[in-house]
Amino acid sequence: MAFENKFVQQRIEKVEALKAAGLNPYANDSKRNTTILKYINVNSDIAEKENKRDEHRHYTVSGRIKLFRIMGKASFIQIEDESGVLQVYVTRDNLPEGFYNNTFKKLVEVGDIVEVSGFPFVTGKGELSLHCSEFKLLTKAIAPLPEKFHGVTDKEIRYRKRYLDLIMNAEVRKTFQIRSKVISLTRRFFEDKGFLEVETPMMHPIAGGANAKPFVTHHNALGIDRFLRIAPELYLKRLIVGGFEAVFEINRNFRNEGMDATHNPEFTSIEFYWAYKTYKDLIEITKEYFKYLFEHLDLPCQLPYGEMEVNFENFSEIPLIESLTTIGGVPADVTGDKEKIVTFLNSKNITVKPNLNLGQLQGELFDEFVEEKLIDPTFITEYPVEISPLARRSDENPAITERFELFIAGREIANAFSELNDPVDQYERFKGQVDAKDAGDDEAHEMDEDFIDALSYGMAPTAGQGIGIDRLVMLLTNEHSIRDVLLFPAMKPTNNEEKEDS
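Because the structure is a prediction, the values reported are computed rather than measured.

(A) Expanded view of the sheet that holds strand S6 (residues 196-197). Across the sheet, which stays open at both edges, the eight strands sit in the order S6-S10-S11-S18-S17-S16-S15-S14 with mixed pairing between neighbours. The open sheet has two free edges, formed respectively by S6 and strand S14 (316-319), since each of these has just one partner strand. Most of the contacts of helix H8 (residues 279-297) go to strand S16 (residues 403-408), to which it runs at about 25°, and overall it touches strand S11 (266-275), S14, strand S15 (378-381), S16, strand S17 (411-418) and strand S18 (462-468).

(B) Expanded view of the environment of Gln 78. Here Gln 78 shows up in strand S2 (residues 74-81). By relative accessible area, which is 18% here, Gln 78 ends up buried. When the C-alpha positions of Gln 78 and Gly 243 are compared, they lie 58 Å apart, and in sequence the two are 165 residues distant.

(C) Local environment of helix H11 (residues 358-369). Between the first and last C-alpha of H11 there are 16 Å, a value that for twelve residues agrees with the 16 Å anticipated at 1.5 Å per step. For H11, every residue scored as buried is listed here: Gly 359, Leu 361, Gln 362, Gly 363, Leu 365, Phe 366 and Phe 369. Where H11 begins, the capping side chain belongs to Asn 357, and its oxygen is found 3.2 Å from the backbone nitrogen of Gly 359.

(D) Quick peek at the pairing of strand S12 (residues 302-305). Residue alternation in S12 divides its side chains into a buried set, Leu 303 and Tyr 305, and an unburied set, Gln 302 and Pro 304. Pairing of S12 with strand S13 (residues 308-311), which is carried by four bridges, proceeds in the antiparallel orientation. Looking at S13, one finds that Tyr 305 is bridged to Met 308. Here S12 folds back onto S13 in antiparallel fashion, the turn holding two residues, of which Gly 306 has a positive phi close to 65°.

(E) Geometry of the packing of aromatic side chains. A full pass over the atoms with the stated rule returns 25 aromatic pairs. Geometrically, the ring pair formed by Phe 195 and Phe 272 is edge-to-face, given 5.8 Å between the ring centres and 90° between the ring planes. Taken together, the residues Phe 195 in the loop between helix H6 (170-192) and S6 and Phe 272 in strand S11 connect sequence positions 77 residues apart. Here Phe 195 and Phe 272 have matching classes, each one buried. If you follow Arg 238 out to its NZ or CZ, it ends over the ring of Tyr 235, 4.7 Å from the centre.

(F) Here's a closer look at the pattern of salt bridges. In total, this model carries 36 salt bridges according to the counting rule given. The residue Glu 197 makes a salt bridge to Arg 187 at a minimum N-O spacing of 2.8 Å. With a gap of ten residues between them, Glu 197 in strand S6 and Arg 187 in helix H6 connect regions that are remote in the sequence. One network of salt bridges, with partners in common, ties together Arg 11, Lys 14, Glu 109, Asp 112 and Lys 140.

Cut-off values and rules
- Residues numbered from 1 in each chain as written.
- Predicted model: local features only at pLDDT ≥ 70, side-chain atom pairs only at ≥ 80, totals over all residues.
- Heavy atoms only, no water.
- Pairing = 2+ DSSP bridges.
- Helix = DSSP H or I, 4+ residues; strand = E, 2+ residues; numbered from the N terminus.
- Contact = heavy atoms within 4.5 Å.
- Axes fitted to C-alpha atoms, helices over the stretch in contact; angles between N-to-C directions.
- Buried < 20%, exposed > 50% of the residue type's maximum accessible area, 1.4 Å probe, protein only.
- Expected span 1.5 Å × (residues − 1).
- Polar contact = N/O pair within 3.5 Å; in protein donor to acceptor, adjacent residues only side chain to side chain.
- Phe/Tyr/Trp six-rings, centres within 6.5 Å; stacked < 30°, edge-to-face > 60°.
- Lys NZ or Arg CZ within 6 Å of the ring centre and 35° of its normal.
- Salt bridge = Lys/Arg side-chain N within 4 Å of Asp/Glu carboxyl O.

This is the structure we're talking about:
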């Protein structure tokens, strides 16, 4: 039941006391004229003044009280807004008669949002502060904040109550500010390159665009099921068929799979498609993109990631099969033989599904022995055609595709390829995916006849790529769980939520 907590009840009583005194505990007439950061920057010269104050300057700032120290006739509080923290000196004699003793000391507390006006001065300890001449309560908080010096450290609480996490942990707000900048810079980078931002459907009649299990919903008016999109790829390529030559979309994708440190059921990515280009061109634009991000985020080119040090200037490129031996240590005579791969995996106590084809088994070898060793940015190229149903075959070797995945700090960050634009080949690959689905692979593609029809009208030679925004932000902020870069990650229901649903 809401408001049962005794501390909440005590604060509700203070709300009533404020109302009884003619004060609005939820005022909506703020006169704030500066932020805390601007106040600090503008008044950086106060320490140099002879009396370390300037009573001719007057500012009004607002924020949440984070610290409260009462000292008889005077008190210090710390208030915080989005930009920073400011110490405020509040005295009895500078406020209306009775306000300090009857209202400020008794009815105001940590967590409340207040507005203070006054002049800048520097304390004896050298801290720039504000000498308060006017004090106004803007919002009374009836839920007490966690104890300051311990804050919110329980991950479960932090993710479920992100608002509380943001209140208590300024560094968390910084992570999401960086995330916002990454998305903004990504949009600007591709627009400056001549790409057109587009929007494609989030509910698809057919689950496609990537190998993944979809979420299913139902459209009541049409009386049909729809699938939350796995990826926007097939729609974006329809636009290339229609005559656009460079398009991108930044949006959410949904995959009905397990959750772990790098997977959330909904995630953000950018996908872009570029006519008359190949996957080799995408390698170069990806390098440019990272350079652009680092320059505009003012980040050093070498960043720590856990115990690793990632050099974002040290890009390399290697074919997948070659990486199995040179990086993964898999014997060369094993990599091209199904039975030998299965035997090798079994010898390492790794079991695989018995119906996997050669390309899928090579993918298993890569996942087990190569991926986690790729620390500096590495383009793994030339993927087997069996695990690349939408990528163009290599003209020199039809068993492989013109595809790469970019790995950094042992994790996939991007996937790209020269697009398959042969409608007959695409149809045959879709048929293979349908057979795999019928055999029990719930992540395989379905047949998309409309997309085949679109390709039949002719799609220019095109290269396309997807970049995972969440994982990219994890890298840039040294976070090791995707939940730490999602404001509201998916969580198992609590006991209370389960009762409400039943």
